[in-house]
Amino acid sequence: MTLQQHRLANGFRIVTEEMPGLASAAIGVWVTAGARHETPAQNGIAHFLEHMAFKGTARRSALQIAESIEDVGGYINAYTSREVTAYYVRVLQNDVPLALDVIADILLNPALDLSEIEVERGVILQEIGQALDTPDDVIFDWLQEEAYPDQPIGRTILGPSERVSNFTRDDLRSFIGQHYGPEQMILSAAGAVDHDQIVKLAEALFGAMTPKPGFDADKARFVGGERRQIKQLEQAHFALSFESPGYRDDDIYVAQIYASALGGGMSSRLFQEIREKRGLCYSIFAQAGAYADTGMTTIYAGTSGDQVQELAHVTIDEMKRAASDMNEAEVARARAQMKAGLLMGLESPSNRAERLARLVQIWDRVPPLEETVAMIDAVTAQKVRDFAQNMASGAAAALALYGPVENAPALAALQERRAA
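Note that the coordinates shown come from a computational prediction; the quantities given were computed from them, not determined experimentally. (Residues numbered from 1 in each chain as written. Predicted model: local features only at pLDDT ≥ 70, side-chain atom pairs only at ≥ 80, totals over all residues. Heavy atoms only, no water.)

Caption draft 1: Up close: the pairing of strand E8 (residues 236-244). The buried fraction of E8 is high, at eight of nine residues. The pairing of E8 with strand E10 (residues 295-303) spans nine bridges and is antiparallel. Its bridge partner being in E10, serine 241 is matched across the sheet by threonine 298. (Buried < 20%, exposed > 50% of the residue type's maximum accessible area, 1.4 Å probe, protein only. Helix = DSSP H or I, 4+ residues; strand = E, 2+ residues; numbered from the N terminus. Pairing = 2+ DSSP bridges.)

Okay, here's the thing in structure tokens:
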């Protein structure tokens, strides 16, 4: 593997990693312009803009964008998160110049045709409606809102329908003008790629971009709270989160290993106790997510209305028990799962390109894989127990409940159980 980085004179960053033996490449541009970079009036516009990228440019129609990549057997897509918007392509080695030209075209020359804006507005409103009809999607948006109330990072990525219904072409152009500068972009490529070729292409395509003033997103403040919506559904959806480290905090590895041991797989404590022994649910898991300056350790389960109280109580009890008796074997298993997941993921050029972009965004460098593995290996059972103690008693919490949740305990009651 050959990892190389380069920065153009205007601040545009490039990171590549050649993977010998592959015939294909993954290449994309990650833009530091996600939902947390929006004002309240802009909520949903980053995602709207992502959709519009594929609706035509000054040189290509929407159909020509799709055909240019699919005619060579490639794949093109994009996504919006709370911290980035990514545009990426997977193609064969000889088609890398074409892929990069298409990505540059949709980023730098979007047509933003008025009729296409209206068509895509309808598509996004349908997407919002679909999300609202999907309980195990909407509950995580509610949880985010309760964890970070009245903050950009707490708002939904899709945005509310009333905002999306009123975005104009000028609104889209304004967001591009604010956030789509060269210093906010990272070109990442992995697989059958040639670094020098990509730098040369990037210089020609992006080198003339003018730097823009930096944008500092509001610092996140995990506050916590409860949202409960009673509805006649088959399942009672339960989601509980706690403040945990951001990805620049060394304790992120402790948080991830804790979440894995607590609820990351079939051998985890929550799965064994709540599903296997008690039969209280079909699906239950824990995960540790992270942002630049904050994080959330989240537990989710779906159960019946008459069992949601027991499930909530057992969840708190298992968290408290982990603080006292999480053992080395469990931690070793979680470390092994984390390392295996990391290494297996790196066998995919798409996963590798995304990881490179994310690391450059965080650190402005790509830490050696050995450095990351050493950080994982440094997590001891005592560190996990200490972290578990904070999760069980000290960390701020948020709760979201949806469905037949009349009997679900309130957040205050769960907090009392944590402290008991």
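What follows picks up the thread again.
Caption draft 2: Spotlight on the pattern of salt bridges. Within this structure, the stated rule accounts for 28 salt bridges. The closest approach of N and O atoms between aspartate 364 and arginine 7, which form a salt bridge, is 2.7 Å. Remark: arginine 7 occurs in strand E1 (residues 2-7) and aspartate 364 occurs in the loop between helix H13 (349-363) and helix H14 (369-377); sequence separation between them is 357 residues. The class for arginine 7 is partly exposed, based on a relative accessible area of 43%. Taken together, the shared-partner salt bridges in this structure form one network comprising Arg269, Glu318, Arg321, Asp325 and Glu330. (Salt bridge = Lys/Arg side-chain N within 4 Å of Asp/Glu carboxyl O.)

Caption draft 3: Molecular detail of the sheet that holds strand E5 (residues 85-92). Pairing is mixed in the open sheet, where six strands are placed in the order E1-E2-E6-E3-E5-E4. This sheet does not close on itself; its edge strands, each paired only once, are E1 and strand E4 (75-80). Between one strand and the next, the sheet's axes are offset by a mean angle of 15°, whatever the strand orientation. (Axes fitted to C-alpha atoms, helices over the stretch in contact; angles between N-to-C directions.)

Caption draft 4: Structural view of the packing of aromatic side chains. This model, assessed by the stated rule, comprises nine aromatic pairs. A centroid spacing of 5.5 Å and a plane angle of 45° characterise the contact between phenylalanine 140 and tyrosine 300, whose relative ring orientation is tilted. Taken together, the residues phenylalanine 140 in helix H5 (residues 135-147) and tyrosine 300 in strand E10 connect sequence positions 160 residues apart. Accessibility expressed as a relative area gives 5% for tyrosine 300, which makes it buried. Through successive ring pairs, a cluster of aromatic residues spans Phe140, Phe285 and Tyr300. (Phe/Tyr/Trp six-rings, centres within 6.5 Å; stacked < 30°, edge-to-face > 60°.)

Caption draft 5: A look at unusual backbone geometry. A positive phi angle, close to 55°, is found at aspartate 150, a residue other than glycine. Relative to the assigned elements, aspartate 150 resides in the loop between H5 and helix H6 (161-164). In this structure, aspartate 364 takes a positive phi of about 60° despite not being glycine. Given a relative accessible area of 37%, aspartate 364 falls into the partly exposed group.

Caption draft 6: Seen up close, the nonpolar core. Grouped together as the largest cluster of nonpolar side chains are 51 residues, with contacts concentrated most on Ile27, Tyr180, Leu187 and Phe206. At eight residues, the largest contribution of residues to this core is made by helix H3 (residues 96-108). In this view, leucine 187 contacts Phe12, Arg13, Ile14, Val15, Ile27, Gly28, Val29, Leu100, Ile198 and Ala202; residues no more than four positions away in its chain are not counted. Listed in part, the 50 residues of the second largest apolar core include Phe242, Ala322, Val384 and Val405. (Core = buried A, V, L, I, M, F, W, Y, C linked by side-chain atoms within 4.5 Å. Contact = heavy atoms within 4.5 Å.)

Caption draft 7: Representation of the sheet that holds strand E11 (residues 397-403). Pairing in this open sheet of five strands is mixed, and the strands run E7-E11-E8-E10-E9 from one edge to the other. Only two strands of the sheet have a single neighbouring strand rather than two, namely strand E7 (225-230) and strand E9 (283-290). If you compare each strand with its neighbour and ignore which way they point, the axes differ by 10° on average. In this sheet, E10 lies alongside E9 in antiparallel orientation, the contact comprising eight bridges. Bridged to alanine 286 within E10 is isoleucine 299. Helix-sheet contacts for H5 involve E7, E8, E9, E10 and E11, and the interaxial angle to E11 is about 150°. Here helix H9 (residues 252-263) sits on the sheet and contacts E9 and E10; the angle it forms with E9, its principal contact strand, is near 180°.

Caption draft 8: Main features of H13. Here H13 is 15 residues long and its end C-alpha atoms lie 21 Å apart, about the 21 Å a rise of 1.5 Å per residue gives. For H13, the complete set of buried residues consists of Pro349, Arg352, Ala353, Arg355, Leu356, Ala357, Leu359, Val360, Gln361 and Ile362. Phi for aspartate 364, located one or two positions after H13, is positive at around 60°. (Expected span 1.5 Å × (residues − 1).)

Caption draft 9: Up close: the pairing of E4. Of the two faces of E4, the one lined by Ile76, Ala78 and Thr80 is fully buried and the one lined by Tyr75, Asn77 and Tyr79 carries no buried residue. Pairing of E4 with E5, which is carried by six bridges, proceeds in the antiparallel orientation. Paired with tyrosine 79 across the bridge in E5 is alanine 86. What sits between the antiparallel neighbours E4 and E5 is a turn of four residues.

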